[in-house]
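Listed here are the chains, written in short residue letters.
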Amino acid sequence: MKPAPFAYYAPTTLDEALSLLSEHGYDAKVLAGGQSLVPMMNFRIAQPAVLVDINNIPDLAYINAEEGGVRVGALTRHHQSETSPVMARHAPLIYSTMPKIAYPQVRTRGTFGGSLSHADPSAELPTLTTTLDAKFRLVSQCGERWVSAREFFLGLYTTALEPDEILIEGFVPELPPRSGWSLQEVNRRKHDFALAGVAAVLTLDESGICQDARLVFLSVGDHPMYAERASNLLKGQALTPEAIRAATELATTEEIDPGDDIHATADFRRHLAKTLCQRAIEQAHQRAQGKQ
Amino acid sequence: MDKRLIGKRVVRNEDPRLLTGQAQYVDDVNLPNMAHAAMFRSEYAHARIRSIDVSKARAYPGVIAVYTAEDMGADCYPGPPLVSPPPTVKDVIFNSRRQVPLVKDKIRHAGEIIAVVIAETRYIAEDGLDLIEIEYEPLPVVADIEKALEPDSPLVHDDLDSNLAAHLVQKKGDYEAARASADAIIQRRFTIERGTAAAMENRGIVAQWDAKSEALTVWDTTQAPIPIRNGLAARLGLSESKVRVIAPFIGGGFGPKIMMFYSEEMLVPWLAIKLNRPVKWIEDRRENFYATTQERGQVHEVEMAFTRDGKILGIKDDFIHDTGAYDPYGLTTPLNTQSHVMGGYDIPNFTSEFRVAFTNKTIVTPMRGAGRPHGIYVIERMMDIAAKELGIDRVEIRRRNLIKPDAFPYEHGIIDQAFAPLIFDSGNYEAVLNETLKAVGYEKFIKEEQPRYRAEGRRVGIGVLPFIETTGVGPYEGARVTVEASGKIAVATGVGTQGQGHFTSFAQVVAEQLGVDVTDVRITTGDSAHFNWGTGTFASRGAVVAGNAMHAAATMVRKKILKLASKVLNAPEEELELEDGMVRVADIPQSSISLSDLAALANPLRGAVEPGTEPGLEATAYYGPQYGPTAFGVHAMIAEIDAETMMIKILRYVVTEDCGTILNPLILEGQIHGGVALGLGNAYYEKLHFDENAQLLNASFMDYLLVGSTEMPRIEVHHLETRSPLNELGTKGVGEAGAIPVPALFAQTMEDALYDYNLEIRETPLNPNRLFGIARKEKTA
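None of these values were measured; they are calculated from a predicted model.

Comments concerning the packing of helix α16 (residues 542-569) of chain B against helix α17 (residues 595-602) of chain B
All names here are of chain B.
Consideration 1: Direction vectors running N to C along α16 and α17 enclose 90°, while the axes themselves pass 11 Å from each other. Relative to α17, α16 is oriented roughly perpendicular. Contacts from I561, L564, A565 and V568 in α16 reach L595, L598, L601 and A602 in α17.
Consideration 2: Here the contact of α16 with α17 is composed, by residue class, of eight nonpolar, no polar and no charged.

And the structure:
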């Protein structure tokens, strides 16, 4: 379990890094926390010819409160997000989910940008950023562009990133007043990837009617599965048990695509998604009413 | 002052070295000019090798050599059988087929070695592996143990008529007659699937050849350094005195590290001599999943005969045991299963038949538990089913059948894993059961707490069950105890060590005899240069077999000390006391001599050692039991389950263990904790998933779910001590105990928690998906 030979660069400026990516294209991989890439290299599943280590580039690790949300730098370690009062205040869904991501060793090294760029459909951050309608700044030598989370995750380990681009930061909008959130997942062991999971955010109007809702599933499709129709079904409704059941039913029968593997069959994953979706909406509803 | 050291919670002598990273492991051995080996392993489970092309690998910069079976020539032959088949049982069939260093023509399991690359670094060696080209002819695969024994099955070994590796029947009483007189007959089928031991440290070997003195030194993660030394010397044509095998600190053995000889164990020392360079091979985790031996696969068809009040009249058990591609370890595991299918119960009639099947899977050898969890799973599941069918409380039906204290020694009339008669030496089984029921609050839970949980809609179940563990088998171990000139005590034994606390528990045994601090006893284990005789650490035998050898040697040294001191101090031996490293005349504290001075007097530079005496304060002793002692325990669990997700939470876990005299409760409890962790894995987390081509689908810790600290409950351990009459110390083994009852206990607890689903669990390991399917009577993966 030793990696195949590769060239290693450790640029100290973003320009240098972008120039290396531009030069090597598909042969190059960006190394941030390395918590997915390095094991894959050790298994020789990934054999990049060139590794561009961005850890020596200054000022890429930050969590800054801004008008309407929070700006998170690519090299922000999960541990920083887990312990950040700014994250707790402005993006409590991300903050409270952090302890569910792997175990402390991984969270100490793993990064915000790395997890998003890797786009594992079982990882939490792609699902959370999709749920919160976050957007990402992608930078290359040719310039930069902002891409919304919903348009960023395209499939299994596949994103909108071009080979010469780096995801440099994300902007996570803050939830409006009378909002609630929940992340529910089932993990074999505390630190495992979820067998199934779902994140829910809800916003109520003053009379308690659901104004806005987003339900996004993890581990039951090849990317974060935004259940758009089920989310829309909740809008304009009082969140009665019947309304919650109807949205759950729609989401988990028509808007997810679970697969079989050694840990769970597609049927069991669908059953879990259903159970969790109902619990997530209920908990988000409680929070939106200020009950939790 | 209390001079007893045995039984005290002494903190471990070895921990400062281990915790500060000062302990030497095999991978810490780095020698000048050392080369690194990497193994080319077969991807196929069953295939003929058409051609091997290693030319590109040989040409790769940094590669020193590449060897195949052809290059190894006449030196490439199978390892010796580790355990010979039992000679004492009538009509036994045993077909011995053993692994080779490098496979020449036919692959029999994925992970077998076809070629070895030796390079300047492991990185380069692995680059070399990528350049080897093999042409295979894939063959139909034997993946399922039941299909393996069907007449039209493909053959793992073409020279045999079938995949039958062994067949053996053992009987006691007359089951058929018992059946005829029974009020109730219960039949069931149980399946137990494979797991792996997953020691924290993988295997590793470093071999160094000194051509000038024709001496070979091998550092090996083995549980059996002396047999490895003897076997290597024989294999390589060297004198045993010219081969030194060192098993240094080892990060967990659990059984698979006494599989002798692994292909790599035959290969790496040979390479070191051939290349005249030190060679290191360290197994990586992926290799460990394919190449280190595994265990647990069995299918049982069981029948039990009962009276209507729940008394067991007899058992008939027919099972198939998976041995994988080869059977170097003989029949230890299935014999152990046979010895445990009767549990701790008084069962007059017993018929057990097993067939061992070759399959295209990794070799099976004993792994912590070693056939015992299978036997306990079968009997304890049957007891639960009988309790339900006969309408008797599950604790009560067990109580009615446990062997009574006055029935010991309880002779079964069959043989055990060591081919010795299966005799339970001693015990007080019902007392252990009562202690556990009291500790877990069984009555109160059933009468008050559980109804309250159920009223709240929570599914919380309780499980309680007993188990036995046959331990401490022969043939023997030895120890040498020496009082050194410093007054410190040096002890050597041939038994290996992998973290069991030998440096402390053995030291306690010796220190108690010699009146010194536990920290003044320095133990050397697992180095053939320090002790010439021994078998190894396995079968929960270290404390029993090596422990009693320690005790015997220390007792002899004590006698030598007293005899010499009596002369020096001019006082009768009966009046002498050994304390604080001194020999004192009782009541005359000023009349004393230190062990240090006494050691010097015993080994004088001038004068004469008297005829009939030996120099020094030293003795060597051996202990070999006629048969092993049998320990007993009861585990109880209270757990909650979410019936929608099948996620569990263990609220209480109580263990009462009776393993005879306790040497050190701290170490004993650690053994139990580790065992329970493995047992929980075998119950709900750890399963090797093989597909129909015998390809392992979860060869990494991402997909093979080891139980971690986040899954472990707090374990409350209680002790009873029924001394074994078989040995001086009164000890029984405990190394495997924790793992044995857990899958059966887990099944019982889940059935109780999911009371409204009325489920019957007949397989292990489970997982949430499977449990969900069983609960809803669905067919699931």
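Remarks on the nonpolar core
Consideration 1: Ranked by size, the top nonpolar core spans 127 residues in total, and within it L215(A), F217(A), L234(A), F306(B), I315(B), Y653(B) and L771(B) carry the most contacts.
Consideration 2: It is helix α11 (residues 372-390) of chain B that contributes the most residues to this core, 10 residues altogether.
Consideration 3: Those residues in contact with Y653(B) that sit more than four places away from it in its chain are H635(B), A636(B), M637(B), V676(B), P713(B), R714(B), I715(B), E716(B), V742(B) and L745(B).
Consideration 4: Counting 50 residues, the second largest nonpolar core, distinct from the first, contains A479(B), V585(B), L598(B) and A619(B).

Brief notes about the pattern of salt bridges
Residue and element names in this part refer to chain B.
Consideration 1: The final tally for this structure, using the stated rule, is 72 salt bridges over all chains.
Consideration 2: A salt bridge links R122 to E126; the shortest N-O distance between them is 2.9 Å. Remark: E126 and R122 occur in helix α4 (residues 122-129); sequence separation between them is four residues, near one turn of the helix.
Consideration 3: Overall, the relative accessible area of 7% leaves E126 in the buried class.
Consideration 4: Measuring nitrogen to oxygen at the nearest pair gives 3.0 Å for the salt bridge that ties R296 to E295.
Consideration 5: Linked through salt bridges whose partners overlap, the residues forming this network are R41, R122, E126, R203, E264, E283, D284 and E287.

Examining the packing of aromatic side chains
Residue and element names in this part refer to chain B.
Consideration 1: Counting across every chain of the model gives 20 aromatic pairs over all chains.
Consideration 2: Aromatic pair F319 and F354: ring centres 5.4 Å apart, planes at 40°, arrangement tilted. In this pair, F319 is assigned in strand β15 (residues 312-324) and F354 in strand β16 (residues 349-358), connecting sequence segments 35 residues apart. Of the two residues examined, F319 and F354, each falls in the buried class.

Observations concerning the interface of chain A and chain B
Consideration 1: Facing 26 residues of chain A, the contacting portion of chain B comprises 33 residues.
Consideration 2: Carbon and sulfur atoms supply 58% of the area buried between chain A and chain B, which totals about 2500 Å² over both sides.
Consideration 3: Contact with chain B buries surface across chain A, with R188(A), R189(A) and I262(A) losing the most and accounting together for 29% of the total.
Consideration 4: Run the count over chain A and chain B and you get three salt bridges.
Consideration 5: Residues R44(A) and D127(B) are paired through a salt bridge, measuring 2.7 Å at the closest nitrogen-oxygen approach.
Consideration 6: When contributions to the side of chain A that touches chain B are tallied by element, the ones reaching two or more residues are β11 (179-187) and α12 (266-288) of chain A.
Consideration 7: Of all the elements, α12(A) adds the most residues to the side of chain A that touches chain B, at five residues.
Consideration 8: The class makeup of the residues in the side of chain A that touches chain B is 11 nonpolar, eight polar and seven charged.

Thoughts on the environment of E23(A)
Consideration 1: Along the chain, the position of E23(A) falls in helix α1 (residues 14-24).
Consideration 2: As for E23(A) and D164(A), which are separated by 141 residues in sequence, their C-alpha atoms are 8.2 Å apart.

Regarding the domain arrangement of chain B
Residue and element names in this part refer to chain B.
Consideration 1: Under the domain assignment, chain B is made up of domain 1 (15-21 + 474-623), domain 2 (31-139 + 201-251 + 256-291) and domain 3 (370-472 + 628-775).
Consideration 2: The distance between the C-alpha centroids of domain 2 and domain 3 comes to 38 Å.
Consideration 3: In this assembly, 15 residues from domain 2 lie in contact with 12 residues from domain 3.
Consideration 4: Summed over both sides, the interface between domain 2 and domain 3 buries roughly 910 Å², with carbon and sulfur atoms accounting for 71% of that surface.
Consideration 5: Here domain 2 and domain 3 share zero salt bridges between them.
Consideration 6: Linking domain 2 with domain 3 are one residue pair in polar contact (both at pLDDT 80 or more).

Looking at the domain arrangement of chain A
Residue and element names in this part refer to chain A.
Consideration 1: Under the domain assignment, chain A is made up of domain 1 (7-53), domain 2 (63-173) and domain 3 (179-288).
Consideration 2: Summarising the inter-unit geometry, the C-alpha centres of domain 1 and domain 2 are found 19 Å apart.
Consideration 3: Counting from both sides, the interface comprises 14 residues of domain 1 and, opposite them, 16 residues of domain 2.
Consideration 4: Counting each side, the surface lost to burial between domain 1 and domain 2 is near 1200 Å², with a carbon and sulfur contribution of 74%.
Consideration 5: Interface area lost by domain 1 to domain 2 is led by L18, A32 and Q35, which between them contribute 38%.
Consideration 6: If you look at where domain 1 meets domain 2, you find one residue pair in polar contact (both at pLDDT 80 or more).
Consideration 7: With six residues, α1 is the single largest residue contributor to the side of domain 1 that touches domain 2.
Consideration 8: Counted by class, the side of domain 1 that touches domain 2 contains eight nonpolar, six polar and no charged residues.

A closer look at the side chain of Q500(B)
Residue and element names in this part refer to chain B.
Consideration 1: The topology assignment puts Q500 in the loop between β21 (489-493) and α15 (502-514).
Consideration 2: Exposure remark for Q500: the relative accessible area of 18% places this residue in the buried category.
Consideration 3: Here the side chain of Q500 touches Q498 through a polar contact of 2.6 Å, landing on its backbone nitrogen.

Re the sheet that holds strand β2 (residues 28-31) of chain A
Residue and element names in this part refer to chain A.
Consideration 1: Sheet architecture is open: three strands sit in the order β1-β3-β2, paired in parallel fashion. At either margin of the open sheet sits one strand with a lone partner, and together these are β1 (7-9) and β2. For this sheet, the mean inter-axis angle between neighbouring strands, taken without regard to orientation, is 25°.
Consideration 2: Sheet topology places β1 next to strand β3 (residues 50-53); three bridges connect them, and they run parallel. Across the sheet, the residue bridging to Y8 is L51, located in β3.

Description of the sheet that holds strand β29 (residues 715-719) of chain B
Residues and elements named next belong to chain B.
Consideration 1: Reading across from one edge, β19-β27-β28-β29 is the order of the four strands in this open sheet, with mixed pairing throughout. The sheet is open, and its two borders are formed by β19 (459-470) and β29, each paired with just one other strand. The mean inter-strand angle of the sheet, taken between neighbouring strand axes irrespective of direction, is 15°.
Consideration 2: Bridge analysis of β19 against strand β27 (residues 630-642) gives 12 bridges, and the strand direction is antiparallel.

As for the pairing of strand β12 (residues 243-246) of chain B
Residues in a regular strand point their side chains to alternate faces of the sheet.
Consideration 1: Of the pairings in the sheet, the one linking strand β11 (residues 215-220) of chain B to β12(B) comprises four bridges and is parallel in character. Paired with L216(B) across the two strands is V243(B), which belongs to β12(B).

Things to note about the packing of helix α10 (residues 332-340) of chain B against α11(B)
All names here are of chain B.
Consideration 1: Contact geometry for α10 and α11: axes closest at 7 Å, N-to-C directions at 35°. For α10 against α11, the interelement crossing comes out right-handed. Only R372, H374, G375, I376 and I379 of α11 make contact with α10, whose side of the interface consists of N336, T337 and H340.
Consideration 2: Classifying every residue of the contact of α10 with α11 by side-chain character gives two nonpolar, five polar and one charged.

How each quantity is defined
- Residues numbered from 1 in each chain as written.
- Chains lettered and ligands numbered in written order.
- Predicted model: local features only at pLDDT ≥ 70, side-chain atom pairs only at ≥ 80, totals over all residues.
- Heavy atoms only, no water.
- Axes fitted to C-alpha atoms, helices over the stretch in contact; angles between N-to-C directions.
- Helix = DSSP H or I, 4+ residues; strand = E, 2+ residues; numbered from the N terminus.
- Parallel < 35°, antiparallel > 145°, perpendicular 65-115°, else oblique.
- Contact = heavy atoms within 4.5 Å.
- Nonpolar A, V, L, I, M, F, W, Y, C, P; charged D, E, K, R; others polar.
- Core = buried A, V, L, I, M, F, W, Y, C linked by side-chain atoms within 4.5 Å.
- Buried < 20%, exposed > 50% of the residue type's maximum accessible area, 1.4 Å probe, protein only.
- Salt bridge = Lys/Arg side-chain N within 4 Å of Asp/Glu carboxyl O.
- Phe/Tyr/Trp six-rings, centres within 6.5 Å; stacked < 30°, edge-to-face > 60°.
- Buried area = accessible area lost by both parts, 1.4 Å probe.
- Domains from an automatic or database assignment.
- Polar contact = N/O pair within 3.5 Å; in protein donor to acceptor, adjacent residues only side chain to side chain.
- Pairing = 2+ DSSP bridges.
- Left-handed = near helix turned anticlockwise from the far one by under 90°.

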